[in-house]
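# Reading the structure
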Amino acid sequence: MTGAALEVRGVSKRFGSLDVARNVQLSLEEGARCALIGPNGAGKTTLVNLISGRLAPTAGEIWMSGRNVTAMPEAARVKAGIGRTFQITNLFRRLTVEENLALAVAEQLGAAGRLWPDRRARASIDGRVAGMLAMLRLTDHAGRRVELLPYGVQRIVELALALALAPKILLLDEPAAGVPRADVGIIFEAIEQLPTSMAVLLIEHDIDVVFRFATRVVVLVAGEVLAEGSPREISEHPQVRALYLGDARHE
Amino acid sequence: MRTTRALDGLVLAGLAAFPMLAPGSLDLGARMAILVLCAMSLDLLVGYCGLITLGHAAFFGAGAYAAGIFAVRASADPVAGLVVGGAAAALLGLLSGVVLLRSRRLTLIMLSLATVLIVQEAANRWGGVTGGADGLQGIAMSPLLGRFAFDLSGRVAYVYAATTLAFAFLMFRSLVDSRFGQSLVGIRENEARMHALGTPVGARLRTAFVISAALAGVAGALQAQVTEFVALNAVSVEFSGEILIMLILGGAGRRYGAFLGAPVYVFMQDYLAREDPANWYLWIGLMLLAIVFLAPGGLTAGVAAIARRIRGRRS
Ligand SMILES: Nc1ncnc2c1ncn2[C@@H]1O[C@H](COP(=O)(O)OP(=O)(O)O)[C@@H](O)[C@H]1O
Ligand SMILES: [Mg+2]
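Conventions and cut-offs
- Residues numbered from 1 in each chain as written.
- Chains lettered and ligands numbered in written order.
- Predicted model: local features only at pLDDT ≥ 70, side-chain atom pairs only at ≥ 80, totals over all residues.
- Heavy atoms only, no water.
- Near = heavy atom within 4 Å.
- Polar contact = N/O pair within 3.5 Å; in protein donor to acceptor, adjacent residues only side chain to side chain.
- Areas by Shrake-Rupley, 256 points an atom, 1.4 Å probe, with all protein chains shown as cover.
- Helix = DSSP H or I, 4+ residues; strand = E, 2+ residues; numbered from the N terminus.
- Nonpolar A, V, L, I, M, F, W, Y, C, P; charged D, E, K, R; others polar.
- pLDDT = per-residue confidence, 0-100.
- Pairing = 2+ DSSP bridges.
- Contact = heavy atoms within 4.5 Å.
- Axes fitted to C-alpha atoms, helices over the stretch in contact; angles between N-to-C directions.
- Phe/Tyr/Trp six-rings, centres within 6.5 Å; stacked < 30°, edge-to-face > 60°.
- Buried < 20%, exposed > 50% of the residue type's maximum accessible area, 1.4 Å probe, protein only.
- Lys NZ or Arg CZ within 6 Å of the ring centre and 35° of its normal.
- Expected span 1.5 Å × (residues − 1).

Residue and element names in this part refer to chain A. Taken together, Phe-15, Leu-18, Val-20, Pro-39, Asn-40, Gly-41, Ala-42, Gly-43, Lys-44, Thr-45 and Thr-46 make up all the residues around ligand 1. Between ligand 1 and the protein, one listed contact pairs an oxygen atom with a backbone N or O atom of Gly-43 at 2.9 Å. One of the side-chain N or O atoms of Thr-45 is found 2.8 Å from an oxygen atom in ligand 1. Considered on its own, ligand 1 offers 560 Å² of accessible surface; in the complex 58% of this is hidden by protein. When contributions to the shell around ligand 1 are tallied by element, the ones reaching two or more residues are β2 (18-28) and α1 (44-52). The element that contributes the greatest number of residues to the shell around ligand 1 is α1, accounting for three residues. Its residues assigned to classes, the shell around ligand 1 comprises five nonpolar, five polar and one charged.

In structure tokens:
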């Protein structure tokens, strides 16, 4: 049988004496729109790192479409269909926006290992890059070095890199953090237009955005899943209200 | 893009024109071509992958010894020896790469140093075959392609070395212009992010390592054949350092760095060794300092900056 697109089975992670993930269960069906919320330091980013293969769990397993990928290296998991963004922008700063995207697109098309220039591959890479740039309104920045761009635009490039991989499962770690209000729309528009077959896990602090986007919400507190359910269930969950929503509303 | 193509052409034209421009310095020309090739091969690692190594002489030396021993014991055909030298270095690159590429930065530098020392000690110990400290003697190359005997003027040697360099440059150029080359740059710029793009980083670097080693081995083979001698210092830490200096002088990761750095280094070395033999290393050191502080991208970057200014003034 092929199970859910992504399944986190009883995953725990310790940093020294700190339990950052405790027996976390999480499952994303194909096309899921799931939000992961929780206070700072709850372990959300760590969970993304565990799923993407950047970190190895202390206990538990990660499964993708019925396949145990716990021992699979990060790059292989990307090839298997996991894409992610980084909460703190993680780009090729000295390369141009276009070059950044071409790295991802070439890898996704399987052309990145080609040892000689290949016109046809180049044309298809350039085409895909141009499409991504247009979709995210980055065309005007295409030839500029990433480090020279405003942080808000860098965040959009960060999202673009993950989308360029055309993942089956997309993990978005606070994609709009640090983006000026005026540009936030570009990011959430792009997220709303993601293919319906793609399973998306969104970490986001803006509760309105979360409730608009997600059909399911997981609340993580101190490394543990405190609650899970539909946005309505979560908004009515007393502990969540007390612990998280109350705080967030006051921010 | 167009400038790049024009400069590539200029490099090849320069190699072809050298015998006309400096007919009395063909020996020097061959020596420079060999060093350019070696520095260019190192550029793949240092300039494109961002891997600093002090072990490149291990590959150069492996190629030199393999080609030299092959000439003495099997066949004196130059082209066959070139292939043997390149293959031997590639094999060493493959084996050492598996170990070395697990580390980065200082650890990598230390391991690469160790590689040179091990290969050097092997050459020293295995004196029956390599000639040990006396060097490998008794190489007598047969005519190139069975027709062109290596002459005293060094013309054949130059044409041979320069042609090999030209082919190697064409290969280097297509490599750095390829998606593979670009992914090496990605690894250099942000290795961690490359993993998150699905890049098999280790495999890419190992491939680059083997190609770089093979080219260095070809350079070593050329040296063994052209000088008909292999000295133990072909596999020395000192020579490793010199190649790195040539590359940094010329500009790493800038396509033409080796073509500027190696000749300038050799000129300086020859000139200073004549004018101020006691202090020439001091001068080389000062020149390096000047480059690092005044033109951090090496001579290539310096020349490019000047060209931009001139063009800016004109328009
Ligand atoms: N590499 C690490 N080593 C030690 N502690 C870490 C490491 N990464 C994260 N932590 C700790 O784990 C906890 C959870 O961090 P994180 O996953 O970034 O939370 P969130 O994304 O929910 O804000 C924090 O207390 C953080 O300090
Ligand atoms: Mg976080």
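Additional details are given in the paragraphs that follow.
On to the confidence of the model for chain B, then. Averaged over all residues, the pLDDT of chain B equals 92, while 100% of them reach at least 70. If you check the scores for this complex, the pTM reads 0.93 and the ipTM reads 0.93.

Residue and element names in this part refer to chain A. Here we have four strands laid out as an open sheet, ordered β2-β1-β4-β5, and antiparallel in their pairing. Looking at the sheet topology across the chains shown, the edges are occupied by β2 and β5 (67-68). For strand β1 (residues 6-15) and β2, the ladder comprises seven bridges, and the chain directions are antiparallel. Considered in β2, the bridge of Val-11 is made with Val-24. Relative to the sheet, α1 contacts β1, β2 and β4 (59-64), its axis offset from that of β1 by approximately 120°.

Attention shifts here to the packing of aromatic side chains. Scanning the entire structure with this criterion turns up eight aromatic pairs over all chains. Seen from their ring centres, Phe-150 of chain B and Tyr-160 of chain B are 5.8 Å apart, and the 65° between their planes marks the pair as edge-to-face. Residue Phe-150 of chain B is located in the loop between α6 (127-130) and α7 (155-177), and its partner Tyr-160 of chain B is located in helix α7; the two are separated by ten residues in the primary sequence. Here Phe-150 of chain B falls in the partly exposed class, since its relative accessible area comes to 23%. For Tyr-160 of chain B, a relative accessible area of 4% gives the class buried. Both rings, one in Phe-169 of chain B and one in Tyr-256 of chain B, keep their centres 6.4 Å apart while their planes meet at 45°; by these two values the pair is tilted. Remark: Tyr-256 of chain B occurs in the loop between α10 (237-250) and α11 (257-275) and Phe-169 of chain B occurs in helix α7; sequence separation between them is 87 residues. Each member of the pair, Phe-169 of chain B as well as Tyr-256 of chain B, carries the same accessibility label: buried. An aromatic cluster is defined as three or more aromatic residues linked by ring pairs; in this entry it consists of Phe-169, Tyr-256 and Phe-259 of chain B. Across the ring face of Phe-86 of chain A, the terminal group of Arg-84 of chain A is positioned such that the distance to the ring centre comes to 3.8 Å.

Turning next to helix α3 (residues 97-108) of chain A. Residue and element names in this part refer to chain A. In a regular helix each residue adds 1.5 Å, so twelve residues correspond to 16 Å; α3 covers 17 Å between its end C-alpha atoms and thus fits that length. Across the twelve residues that make up α3, a large majority, nine, are buried. Here α3 has its buried residues at Val-97, Asn-100, Leu-101, Ala-102, Leu-103, Ala-104, Val-105, Ala-106 and Glu-107.

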